[in-house]
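# Per-entry structural report
The chain contents come next:
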Amino acid sequence: MLSPERLALPDYEYLAQRHVLTYMEDAVCQLLENKEDISQYGIARFFTEYFNSVCQGTHILFREFSFIQATPHNRASFLRAFWRCFRTVGKNGDLLTMKEYHCLLQLLCPDFPLELTQKAARIVLMDDATDCLMSFSDFLFAFQIQFYYSEFLESVAAIYQDLLSGKNPNTVIVPTSSSGQHRQRPALGEASMLEGVEASLFYQCLENLCDRHKYSCPPPALVKEVLSNVQRLTFYGFLVALSKHHGINQALGALPDKGDLMHDPAMDEELERLLVQVPGLVNSVTASSEASCLPSRTPSRVASPWRPLHHSRKVDVESDGSTEETDESET
Amino acid sequence: MIPGKYRSVSGRAANNVNCGLHLVIQTSSLPEKNKVEFKLSKDTSSFPGRLLQHDLERNYSSRQGDGRVLSPSPGSKSSCISTTTNVTELCGLEMKTATSSLSAFGDSSIQTPSKSRIRQGCHSAGPNVSGDHVNLVSSSMPSFPILQRSSEEKILYSDRLTLERQKLTVCPIIDGEEHLRLLNFQHNFITRIQNISNLQRLIFLDLYDNQIEEISGLSTLRSLRVLLLGKNRIRKISNLENLKSLDVLDLHGNQITKIENVSHLCDLRVLNLARNLLSHVDNLNGLDSLTELNLRHNQISFVRDVDNLPCLQRLFLSFNNISSFENVSCLADSSSLSDITFDGNPIAQESWYKHTILQNMMQLRQLDMKRVTEEERRMASVVAKKEEEKKRESHKQSLLKEKKRLTINNVARKWDLQQNRVANIPTNQDRKDPDSPSQDPCPVNGSTISAFPEETGPLDSGLISALQGLSVTDTHLVEVDGDTLSLYGSGALESLDRNWSVQTAGMVTTVSFTFIEFDEIVQVLPKLKIKFPNSLHLKFKETNLVTLQQFNALAQLRRIDQLTIDPQGNPVVNFTLWKYYVLFRLSHFSMQKINGTEVTQNDMIMAERLFGILAHVASSELPQYRMISILGDARKKQFQYLLEPKGKKPGIISEENNDSKRLVGENTNRATLNYTTRDFYNEKLEEVKEKKKFCKMYIEDLVKEATEINMKNEALQKLWPQMFIELVRDAVIEIRNKNSYMKLCLQQITDQK
């Protein structure tokens with residue numbers, strides 16, 4: 001728990017950096033929101049519940065966008081929640097438009113901005129034809145990169161533009177600035193003929209960016225891996241490569257590998273259980289199924305409102321791992 | 001059938017042969033059975049025992065199936081023989097037997113076995129006497145035969161001459177017969193009327209069935225009363241200027257296209273123009289005595305001037321081309337007309353035919369040869385009244401429809417504007433909003449509503465109910481049509497605040513929204529639930545349904561069986577998943593139809609398969625504090641909307657609140673999937689922002705305090721071991737010299753005392 005870094009920073013900054021403050025603020029805010037209800041159940045219980053849900057990653061469900069994007073952990077949790085909830089849509093094989101994916105996102109986060117979805121769609125479709133249909137996995141991985149690293153990608157875009165237009169964005173910082181400029185010349189000439197920018201130069205800039213970037217960045221080693229495979233690349237080419245790189249996906253830790261994307265046995269089991277109820281719901285009168293549903297849930301909630309969640313153990317294992325990884329990648 | 005009738009009547013005619021030349025017209029349909037007896041002239045009595053009965057029109061027309069008996073309707077008195085009998089037998093010829101002459105009636109073409117045969121003079125070289133009495137001698141002019149009769153003949157039938165079926169191609173010169181009053185040229189081949197100008201006392205001229213092409217040579221026959229020119233080739237009515245005393249004019253079976261040159265015939269009683277080529281009827285001025293006008297079998301499509309015939313009683317328009325009453329409307333203005341026929345016209349096929357005619361022509365006694373009964377007349381007037389009402393109603397309705405159309409157009413225009421404006425200048429729209437409610441309610445509750453009961457007063461009760469509550473204003477439209485409540489424009493939502501009658505509210509099962517933002521609709525859904533508890537079918541068109549989560553809002557309703565989302569103005573319908581999402585989210589309604597398509601079990605399963613996990617996650621993984629907050633919001637929201645209409649009794653609120661609680665309980669695992677309108681959501685975020693700010697400061701202070709304490713604590717922890725050592729050392733040093741320490745201690749004790 002007490003990592004050596006902790007001593008390097010004043011306590012307050014440390015807490016802020018690890019987003020503890022964010023969660024504390026939010027917890028108090030939530031408490032304030034539902035003062036009456038929560039005080040009935042006990043404040044201590046509430047805080048336990050709150051921080052448990054943060055650990056499990058369920059705290060972001062139906063929250064406002066500003067909160068969802070506030071911390072890397074929240075972002076990872078949201079990605080995971082999105083995958084879990086709409087995996088079935090992908091499993092069904094439906095190809096959807098950007099707008100429809102956006103609607104699905106909005107089901108989880110009512111004020112999710114369209115802009116982010118649009119950008120993610122652009123990664124998949126490589127252009128502005130955002131009305132095209134996309135597969136669930138394509139969209140999900142592109143969206144993951146775009147959403148989790150959105151600030152990083154913005155900076156990358158700026159760097160890329162600078163490189164394209166011939167400026168060296170890192171002139172001040174890169175020690176071998178003269179050589180960088182020297183190499184810049186032919187790159188500019190080629191840029192007009194070839195598309196994109198030279199990979200190695202681009203990597204230098206990115207490495208630099210990662211060093212000083214205060215938001216989360218993909219691990220530089222993996223970025224290097226992505227860029228080492230090609231000579232030149234375009235911005236969207238880079239993003240596509242990022243989104244398809246399973247190492248980055250692993251480092252991010254929110255989603256399973258592409259191969260396992262449709263695989264979630266626990267949820268499938270749950271779904272089967274739900275499906276069994278459906279025919280009954282149609283055949284018999286609705287009231288009966290509702291009636292059966294009503295007593296089973298409501299009284300239990302009244303009796304032990306803060307009963308532990310069924311899946312806490314399983315989710316704990318998974319999301320704990322992801323949180324740790326996230327934290328690492330963040331540094 | 002008709003010929004039979006004629007025959008029977010004709011038998012009577014034989015008995016009446018000596019009645020003299022008079023025409024009896026009986027309008028048997030009159031209840032009082034008044035006979036109009038018309039003597040052709042006083043001097044007919046000068047032919048005692050001689051009867052010339054003629055009925056011009058039916059005379060010939062009967063043969064052609066055209067004959068319509070003037071008076072003898074089936075129930076008519078058979079005593080009125082007059083009409084049908086037609087004795088073409090003329091005096092000059094022997095009436096051998098009654099039958100022979102009678103057979104001439106009704107079919108005048110039947111050969112009368114007259115003994116006198118007139119041969120065409122041109123064929124016989126000499127005076128070829130064909131009969132005993134008549135010699136037809138070719139004159140000096142080679143073309144005209146000269147007719148001469150024997151003196152006995154002349155004496156016997158001094159005033160009549162029959163030259164029937166003599167194969168004449170021209171009129172013979174008739175010499176020394178100035179006293180002739182009756183001349184018959186039936187069934188010859190005469191092409192031109194000539195050589196009779198000297199017969200100035202002629203009263204009756206029969207040229208039926210010849211080949212005359214033009215009316216001519218009659219100018220001197222000033223006393224002519226009956227002119228029969230049926231079945232000829234006349235194209236034009238002309239040269240009748242001097243025949244001022246003409247009583248009967250028969251021109252049936254010709255090729256006349258136009259009624260003309262008859263306005264001077266002020267004594268004409270009967271005019272037969274059947275089987276001509278008339279396309280319309282006019283130019284009837286001046287025929288002041290006309291009582292009967294036969295226009296059967298023409299191509300008449302409209303009739304004018306009939307109201308200028310003061311004596312017209314019978315008008316026959318059968319088998320023409322009249323298709324609407326407007327084309328014959330002048331008939332309504334004729335006060336004398338009592339008998340009319342329209343059979344064989346398009347108009348007679350119409351369902352409204354009879355009562356329209358009867359209603360417009362109150363004076364009518366007979367229509368299509370049937371007596372008009374009082375009952376029929378009453379029926380006609382009732383029907384006509386109804387028709388009139390219907391017309392007025394439909395007019396009113398079409399007015400309303402037009403008004404409705406205009407309003408909808410207007411609303412649509414506003415909507416389009418708004419849609420653009422929302423994107424561009426949202427502030428402008430915001431500014432506009434407070435204005436419109438202040439303007440709109442006035443027309444809604446003021447003029448339109450109050451004006452309505454008055455307007456709808458005379459209408460059917462069914463229509464009133466159909467139109468009830470239809471309020472048209474420029475900016476929105478509310479309409480109740482049967483079981484459908486249609487709302488156009490956002491202003492229309494205010495109508496839900498109105499006091500709807502229990503009946504109307506109960507009847508409405510379909511509610512349709514057009515040109516209204518869905519977010520605005522969401523806000524009135526609780527009201528809708530209360531005011532129209534039976535609404536089962538919701539229709540949305542041009543309501544800006546964009547996202548799936550908007551459907552969440554519908555879950556709060558009591559029940560929905562059908563949902564229709566028009567693709568127009570609702571982009572959400574383009575999504576592949578929308579139907580399944582609706583089914584999933586509104587599964588507690590077990591909906592029957594979505595956009596007109598039956599919901600199948602497979603659909604339900606698919607919906608569950610796609611979104612079941614979402615519900616599961618939302619229900620089982622949502623932290624309880626979030627659950628409370630979300631459900632609490634929903635409850636609060638409903639409270640807020642319920643509290644909006646002021647003056648509500650508290651009892652209702654609590655009741656409804658229970659209801660909403662129940663509803664929420666019904667689908668716990670989906671209840672968390674709810675929809676807050678954008679405005680409301682932003683409002684909430686704004687509210688939360690304040691709290692957040694406070695929390696931030698609070699936490700900041702707390703953490704700062706905590707870190708400070710922690711720092712002090714840590715500093716203390718750091719110092720503590722050294723301090724402890726120092727303390728121990730001091731203590732040890734102090735007690736090193738035991739004796740002196742003891743002394744010191746004792747000293748202290750004594751000092752204390």
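Because the structure is predicted, anything quoted here is derived from the model rather than measured.

## Looking at the pairing of strand β25 (residues 562-565) of chain B
Looking down a regular strand, the side chains alternate between one sheet face and the other. Residue and element names in this part refer to chain B. In β25, alternate side chains face the same way, and those of Leu 563 and Ile 565 are buried while those of Gln 562 and Thr 564 on the opposite face are not. Bridge count for strand β24 (residues 537-541) against β25 is 4 bridges, and the pairing is parallel. From the neighbouring strand, Leu 538 faces β25, where its bridge partner is Leu 563. One ladder, built from 2 bridges, connects β25 with strand β26 (residues 593-594); its direction is parallel. Looking at β26, one finds that Gln 562 is bridged to Lys 593. Taken together, β25, helix α12 (residues 578-585) and β26 form a β-α-β motif whose crossover is right-handed.

## What about the UniProt feature "coiled-coil region" (unreviewed entry) in chain B?
UniProt records the feature "coiled-coil region" (unreviewed entry) for residues 372-405 of chain B in the present numbering. What you have in residues 372-405 of chain B is 94% helix and 0% strand, and the ends, taken at the C-alpha atoms, are 46 Å apart.

## Describing the interface of chain A and chain B
Contacts between the two partners involve 70 residues from chain A, matched on the other side by 59 residues from chain B. Between chain A and chain B the total buried area reaches about 6,000 Å² when both faces are included, carbon and sulfur atoms providing 66% of it. Here chain A and chain B share 4 salt bridges between them. A salt bridge links Arg84(A) to Glu621(B), with the nearest nitrogen and oxygen atoms 2.2 Å apart. For the pair chain A and chain B, the number of links is 11 residue pairs in polar contact (both at pLDDT 80 or more).

## Digging into the packing of helix α3 (residues 20-33) of chain A against helix α17 (residues 678-734) of chain B
Between two packed helices, both the angle of their axes relative to each other and the distance between the axes serve to describe the pair. The interhelical angle for the contact between α3(A) and α17(B), taken along N-to-C directions, is 125°, at an axis separation of 8 Å. Between α3(A) and α17(B), the crossing angle belongs to the class labelled oblique. Like other packed secondary-structure pairs, α3(A) and α17(B) cross with a definite hand, here right-handed. Touching Leu21(A), Met24(A), Glu25(A), Val28(A), Cys29(A), Leu32(A) and Glu33(A) of α3(A) are Val688(B), Lys691(B), Lys692(B), Phe694(B), Cys695(B), Lys696(B), Tyr698(B), Ile699(B) and Val703(B), all from α17(B). Taken together, the residues that form the contact of α3(A) with α17(B) break down as 11 nonpolar, no polar and 5 charged.

## Topic: the sheet that holds strand β8 (residues 182-184) of chain B
Residue and element names in this part refer to chain B. The sheet built from 11 strands is open, its strands ordered β6-β8-β9-β10-β11-β12-β14-β16-β17-β18-β19 with mixed pairing. The open sheet has two edge strands with one neighbour each: β6 (160-162) and β19 (370-371). Alignment of strand β9 (residues 204-206) against strand β10 (residues 226-228), held across 3 bridges, turns out to be parallel. Paired with Leu 205 across the bridge in β10 is Leu 227.

## Overview of the side chain of Ser338(B)
All names here are of chain B. By the element assignment, Ser 338 lies in the loop between β16 (314-316) and β17 (339-341). Note on Ser 338: relative accessible area 10%, which makes it buried. In contact with Ser 338, not counting residues within four places along its chain, are Gln 313, Gln 363, Leu 364, Arg 365 and Gln 366.

## Digging into the confidence of the model for chain B
Residues and elements named next belong to chain B. Here chain B shows a mean pLDDT of 72. Residues at 70 or above account for 69%. No element of chain B has a lower mean pLDDT than helix α8 (residues 441-456), at 34, and none a higher one than strand β12 (residues 270-272), at 93. Scored below 50 in pLDDT, residues 422-472 makes 58 contacts in the model with residues more than four places away or belonging to other chains. Scoring the predicted complex yields pTM 0.57 and, for the interface, ipTM 0.75.

## Some words on a nonpolar patch on the surface
Together, Leu719(B), Trp720(B), Met723(B), Phe724(B), Val728(B) and Val732(B) make up a nonpolar patch on the protein surface, roughly 570 Å² of accessible area in all. A relative accessible area of 44% means that Trp720(B) is categorised as partly exposed.

## Describing unusual backbone geometry
Residue and element names in this part refer to chain B. For Arg 275, which is not a glycine, the phi torsion comes out positive at approximately 55°. Assignment of secondary structure puts Arg 275 in the loop between β12 and β13 (280-281). A residue is classified by how much of its surface remains accessible, and Arg 275, at 27% relative accessible area, is partly exposed. At Asn 544, a residue that is not glycine, the phi angle is positive and equals roughly 60°. Using a relative accessible area of 17% as the deciding quantity, one classes Asn 544 as buried.

## Remarks on empty space enclosed by the protein
Evaluation of the coordinates by the stated rule reveals 15 cavities of 30 Å³ or more. The calculated volume of the largest cavity comes to roughly 340 Å³. Residue lining of the largest cavity: 24 residues in total, with Phe62(A), Arg626(B), Ile630(B), Tyr681(B) and Lys684(B) positioned closest to the centre. Elements supplying a minimum of two residues to the lining of the largest cavity: α3 and α8 (98-108) of chain A together with α14 (624-643) and α17 of chain B. Across the lining of the largest cavity, the residue classes break down as 9 nonpolar, 9 polar and 6 charged.

## Side note on the environment of Arg413(B)
Residue and element names in this part refer to chain B. Locating Arg 413 in the fold gives a position in helix α6 (residues 374-424). You can call Arg 413 exposed: its relative accessible area is 52%. For the pair Arg 413 and Phe 515, spaced 102 residues apart in the sequence, the C-alpha separation amounts to 9.5 Å. A polar side-chain atom of Arg 413 sits 3.1 Å from a polar atom in the side chain of Asn 410.

## Thoughts on the packing of helix α13 (residues 199-212) of chain A against helix α14 (residues 220-228) of chain A
Residues and elements named next belong to chain A. It is at 10 Å that the axes of α13 and α14 come closest, and there the two elements cross at 170°. Taken as axis vectors, α13 and α14 run roughly antiparallel relative to one another. For the pair formed by α13 and α14, the contact residues are Ala 199, Phe 202, Tyr 203, Leu 206 and Cys 210 on the first element and Pro 220, Val 223, Lys 224 and Leu 227 on the second. Partitioning the contact of α13 with α14 into residue classes produces 8 nonpolar, no polar and 1 charged.

## Points about the pairing of strand β22 (residues 484-488) of chain B
Residue and element names in this part refer to chain B. Within β22, 5 of the 5 residues are buried, which leaves it mostly tucked inside the rest of the structure. Residues Thr 484, Ser 486 and Tyr 488 of β22 are buried on one face, and the alternating residues Leu 485 and Leu 487, pointing to the opposite face, are buried as well. Summarising the sheet, strand β21 (residues 477-481) and β22 pair through 5 bridges and their orientation is antiparallel. Of the residues in β22, the one forming a bridge with Val 478 is Leu 487. If you look at the hairpin formed by β21 and β22, you'll find 2 residues sitting between the two strands, and Gly 482 has a positive phi there, around 65°. Where β22 meets strand β23 (residues 510-514), 5 bridges bridge the pair, whose relative direction is parallel.

Conventions adopted
Residues numbered from 1 in each chain as written. Chains lettered and ligands numbered in written order. Predicted model: local features only at pLDDT ≥ 70, side-chain atom pairs only at ≥ 80, totals over all residues. Heavy atoms only, no water. Buried < 20%, exposed > 50% of the residue type's maximum accessible area, 1.4 Å probe, protein only. Helix = DSSP H or I, 4+ residues; strand = E, 2+ residues; numbered from the N terminus. Pairing = 2+ DSSP bridges. Right-handed = clockwise from strand over helix to strand, strands pointing away. UniProt positions renumbered as here; feature names shortened; annotations may be inferred. Contact = heavy atoms within 4.5 Å. Buried area = accessible area lost by both parts, 1.4 Å probe. Salt bridge = Lys/Arg side-chain N within 4 Å of Asp/Glu carboxyl O. Polar contact = N/O pair within 3.5 Å; in protein donor to acceptor, adjacent residues only side chain to side chain. Axes fitted to C-alpha atoms, helices over the stretch in contact; angles between N-to-C directions. Parallel < 35°, antiparallel > 145°, perpendicular 65-115°, else oblique. Left-handed = near helix turned anticlockwise from the far one by under 90°. Nonpolar A, V, L, I, M, F, W, Y, C, P; charged D, E, K, R; others polar. pLDDT = per-residue confidence, 0-100. Patch = residues over 30% accessible without salt bridge, like charges linked within 9 Å, V, L, I, M, F, W, Y side chains within 5 Å. Areas by Shrake-Rupley, 256 points an atom, 1.4 Å probe, with all protein chains shown as cover. 1 Å grid on protein atoms, 1.4 Å probe; cavity = no way out; pocket = protein on both sides within 12 Å on 5 of 7 lines; lining within 4 Å. Points joined across faces, edges and corners; volume = space filled by probe spheres on them.

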